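# Structural characterization, general
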Amino acid sequence: MYVHTGQDTYATDKMMEDEFLVSPMQLMEVAGKNVADQILKYTNPTVRTALIAIGPGNNGGDGMVVARFLVSQGWSILVVPALPLDTSTGPAKKNYQILQKICQNPIFHSQILGPYSICSLTEEVVRSYLQKNTTCIIVDALFGVGLKRPITGKTAELIQILNSAGRPIISIDMPSGISSETGSIVGAFHTSAIKADFTVTFEAPKIGHLLYPGKQYTGTLLVTKIGILHPALEKQSPYTTILDEHQLTTFIKPRPNHSHKGLFGRVYCICGSSPYKGALTFSLLGAMHAGAGLITACYKETNELLLSSSVIPEATHFLIPVKNDHYTTHSYAHFVHHVHPSSIVCIGSGLGREMDIQEFCRHLYLQLPNPMVLDADALWAIRNHLSDTRCGPRIVTPHLGEMSYLTNTSVDDIQKNLVEIAIEYAKKWQMIVVLKSSTTVVADPTGSCYINNYSSSALAQGGAGDVLAGTIAGFMAQRYSSYHACILSVALHSLAAIEMEQDLTSWASSTSTLPTYYGTLLHRIVNT
């Protein structure tokens, strides 16, 4: 499923009008009807009243269509304009005129208040209406995908009243106050954005629905079709996607009964150290439960006593020779000599930042022809060499803090521009970037981008990223493309956390248990 920005939405509408002769009025009619249908579907059948807050633009026009369809179903509605509607133009103006006719007819028991921004009595009427109609719903049709400026003044006060009313809120297209481009609140105050229970959008999710805090303000996202033709959708954002669980079936390769372990590749995990022994275990578990045929734990020969107990029984051991407990050029040469060229190397989780470790990581990063997944301390080691020429495919898996020092960009700026930054540096570094956050983004050098729509607080614990790095390596070992391996791993990792949280709660979930849920999910996905 494609993901759009607000600009994409305007462009698709324009293309529908210019190339396919579908008028904005027609699109608005279908959009409003869709929202009304969703309200009727998800609202308690006894509810027959609605407060609809509308703005002067097309989002407000959609809201006026919603009002008309609800009235046609016998609802009583109160329309609250945030701004004077006589400045509306195009289809929004036409729908305002239609709604005026309806509300002026006493048989319909509906009304349009004066503009909230200039009418001193409006606030009193709104509060009174909400107190009197205890089961009414609220429809947010104030500002849609095109909002650029903070919501202030009386309109911000209206939003605060609506948020605190304790009624179900349905937003049209975007919760008012949330940027469709970034998911951030447009303005300095969180109270100036609608906190919706449901958001009904059209044709494609917007980036702002998927990134925090926008995801939190969106509530349950309902994507409906309004007749935008595929060429218009594809032309705007052909490379930015999300996937549902059913679509993951297209990623899974069959494993025939006559298989043997060599068919599913080998992963070498160079992870773990004295303070972080678990990192080695977690990366190995991720690779094994992803289906790698062979997994190997790699560590300094002087760490055998320390780390061998952290190696799961299914893994073999690779002792890397060192001198005085330090990696040398011989360590690197020995490893390169013994690693099969088609194997995958997963390196960095809990490895440490000593100078010899950094030098060893850099040697492998720059000169090893094998595909590599670089995480945690390996990222620190290569931070000044990301654009240097390498001998093989590379995947980096930074969290926000690591991405900050890799790009010399503040965490706050990265969070506000998550998708753009992931794509920018995937192109700049010519490698796949798995930018980990509450909404993880996978970007490749062509500009393709996957936004992970699954999240769980069960992932907020040490070692979860180590499992993910091993999982990516495990799928790559099975000859999945690097990009597909990353998408599948990120989705599976998050879905497993959701499943684990449902079984164990977020408090009692554990990193070592997380990959054991892969089997249940893969079984369900394959048999969907």
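Residues numbered from 1 in each chain as written. Predicted model: local features only at pLDDT ≥ 70, side-chain atom pairs only at ≥ 80, totals over all residues. Heavy atoms only, no water.

### Concerning the nonpolar core
Counting 58 residues, the largest nonpolar core has Val267, Leu280, Leu284, Val434, Val442 and Tyr450 as the members making the most contacts within it. Only β9 (266-270), α10 (277-290), β10 (294-300), β12 (344-347), β15 (432-435), α18 (464-477), α19 (482-508) and α20 (518-526) provide two or more residues apiece to this core. Among the elements that make up this core, the one with the highest residue count is α19 (12 residues). Ignoring anything within four residues of it in the chain, the contact list for Val434 reads Ile395, Val396, Thr397, Pro398, Thr440, Val441, Val442, Leu468, Ile472, Cys486 and Val490. Within the second largest apolar cluster, 51 residues are counted, among which are Tyr268, Val396, Leu400 and Ile451. (Core = buried A, V, L, I, M, F, W, Y, C linked by side-chain atoms within 4.5 Å. Buried < 20%, exposed > 50% of the residue type's maximum accessible area, 1.4 Å probe, protein only. Helix = DSSP H or I, 4+ residues; strand = E, 2+ residues; numbered from the N terminus. Contact = heavy atoms within 4.5 Å.)

### Description of the pairing of strand β2 (residues 76-81)
As a general feature of sheets, a regular strand has side chains that alternate between the two faces. Taking burial as the measure, the 6 residues of β2 include 5 buried ones, the bulk of the element. Inspection of the sheet shows strand β1 (residues 49-54) paired to β2 by 6 bridges, in the parallel sense. Within β2, the residue paired with Ile52 across the bridge is Val79. Taken together, β1, helix α3 (residues 58-72) and β2 constitute a β-α-β crossover, and its handedness is right-handed. Sheet analysis places β2 next to strand β3 (residues 111-112), joined by 2 bridges and oriented parallel. Note that in β3 the partner of Val79 across the bridge is Ile112. Of the crossover connections in this fold, the one passing from β2 over helix α4 (residues 90-104) to the parallel β3 is right-handed. (Pairing = 2+ DSSP bridges. Right-handed = clockwise from strand over helix to strand, strands pointing away.)

### Some words on the packing of helix α15 (residues 400-407) against helix α17 (residues 418-429)
Relative to each other, α15 and α17 sit at 50°, their axes nearing to 12 Å. Classed by the angle they form, the pair α15 and α17 counts as oblique. Read as a crossing pair, α15 and α17 show a hand that is left-handed. Of α17, the residues touching α15 (which contributes Leu400, Met403, Leu406 and Thr407) are Leu418, Ile421, Tyr425 and Trp429. Looking at the contact of α15 with α17 residue by residue, the classes come out as 7 nonpolar, 1 polar and no charged. (Axes fitted to C-alpha atoms, helices over the stretch in contact; angles between N-to-C directions. Parallel < 35°, antiparallel > 145°, perpendicular 65-115°, else oblique. Left-handed = near helix turned anticlockwise from the far one by under 90°. Nonpolar A, V, L, I, M, F, W, Y, C, P; charged D, E, K, R; others polar.)

### Examining the side chain of Asn303
With respect to the helices and strands, Asn303 occurs in the loop between β10 and α11 (304-307). A relative accessible area of 16% means that Asn303 is categorised as buried. With residues near it in sequence (within four places) discarded, Asn303 still touches Ser308 and Asp325.

### Observations regarding the sheet that holds strand β13 (residues 372-374)
Taken together, the 10 strands give an open sheet; going across it, the order is β8-β17-β16-β15-β14-β13-β12-β9-β10-β11, and neighbouring strands pair in mixed fashion. Sheet topology places β8 (240-241) and β11 (316-320) at the edges, where each strand pairs with a single neighbour. Both β13 and strand β14 (residues 394-396) contribute to a ladder of 3 bridges, which runs parallel. Note on β14: the bridge partner recorded for Val373 is Ile395. Lying on the sheet, helix α13 (residues 355-367) is in contact with β9, β10, β11, β12, β13 and β14; it crosses β13 at an angle near 140°.

### Section: the sheet that holds strand β6 (residues 198-202)
With parallel pairing, the 7 strands of this open sheet are ordered in space as β3-β2-β1-β4-β5-β6-β7. Single-partner strands in this sheet number two, and they are β3 and β7 (220-224).

### Here's the deal with the packing of aromatic side chains
For the coordinates displayed, the defined rule picks out 9 aromatic pairs. Pairing Tyr327 with Phe360 gives two aromatic rings, centres 4.1 Å apart and planes at 5°, and the pair type is stacked. Taken together, the positions of Tyr327 in the loop between β11 and α12 (329-338) and Phe360 in helix α13 put the pair 33 residues apart, joining distant regions of the chain. With respect to burial, Tyr327 and Phe360 carry one shared label: buried. (Phe/Tyr/Trp six-rings, centres within 6.5 Å; stacked < 30°, edge-to-face > 60°.)

### Looking at the environment of Leu210
The topology assignment puts Leu210 in helix α7 (residues 207-210). Sequence spacing of Leu210 and Asn303 is 93 residues, and the spatial spacing of their C-alpha atoms is 43 Å. In contact with Leu210, other than residues within four places in its own chain, are Val3, Lys215, Ile242, Thr439, Ile451 and Asn453.

### Some words on the pattern of salt bridges
Counted under the stated rule, the structure contains 15 salt bridges. A salt bridge links Lys148 to Glu181; the nearest nitrogen and oxygen atoms lie 3.9 Å apart. Of the two residues, Lys148 sits in the loop between β4 (137-141) and α6 (153-163) while Glu181 sits in the loop between β5 (169-172) and β6, which places them 33 residues apart along the sequence. The residue Asp377 makes a salt bridge to Arg353 at a minimum N-O spacing of 3.3 Å. Of this pair, Asp377 sits in helix α14 (residues 377-381) while Arg353 sits in the loop between β12 and α13, and the two are 24 residues apart along the sequence. A residue is classified by how much of its surface remains accessible, and Arg353, at 39% relative accessible area, is partly exposed. (Salt bridge = Lys/Arg side-chain N within 4 Å of Asp/Glu carboxyl O.)

### Points about the packing of α12 against α13
As a packed pair, α12 and α13 sit with axes 10 Å apart at the nearest point and diverge in direction by 40°. Accordingly, the angle class assigned to the pair α12 and α13 is oblique. Considering the relative orientation of α12 and α13, their crossing is right-handed. Contacts from Ser331, Tyr332, Phe335 and Val336 in α12 reach Phe360, His363, Leu364 and Gln367 in α13. Considered class by class, the residues forming the contact of α12 with α13 number 5 nonpolar, 3 polar and no charged.

### Some thoughts on α19
With 27 residues, α19 ought to run about 39 Å at 1.5 Å a step, yet its terminal C-alpha atoms sit only 33 Å apart, falling short of that. Remark: the principal bend of α19, roughly 90°, maps to Gln502. (Expected span 1.5 Å × (residues − 1). Bend = angle between axes of the 7 residues up to and from the residue.)

### So, the pairing of β9
Taken across its 5 residues, β9 has 4 buried, putting it largely inside the fold. The sheet contact formed by β9 and β10 spans 5 bridges and is parallel. Within β10, the residue paired with Cys269 across the bridge is Ala297. With α10 bridging β9 and its parallel neighbour β10, the resulting β-α-β unit is right-handed. Relative to β12, β9 runs parallel, the two being bridged by 4 bridges. Residue pairing in the sheet places Tyr268 in a bridge with Val345 of β12.

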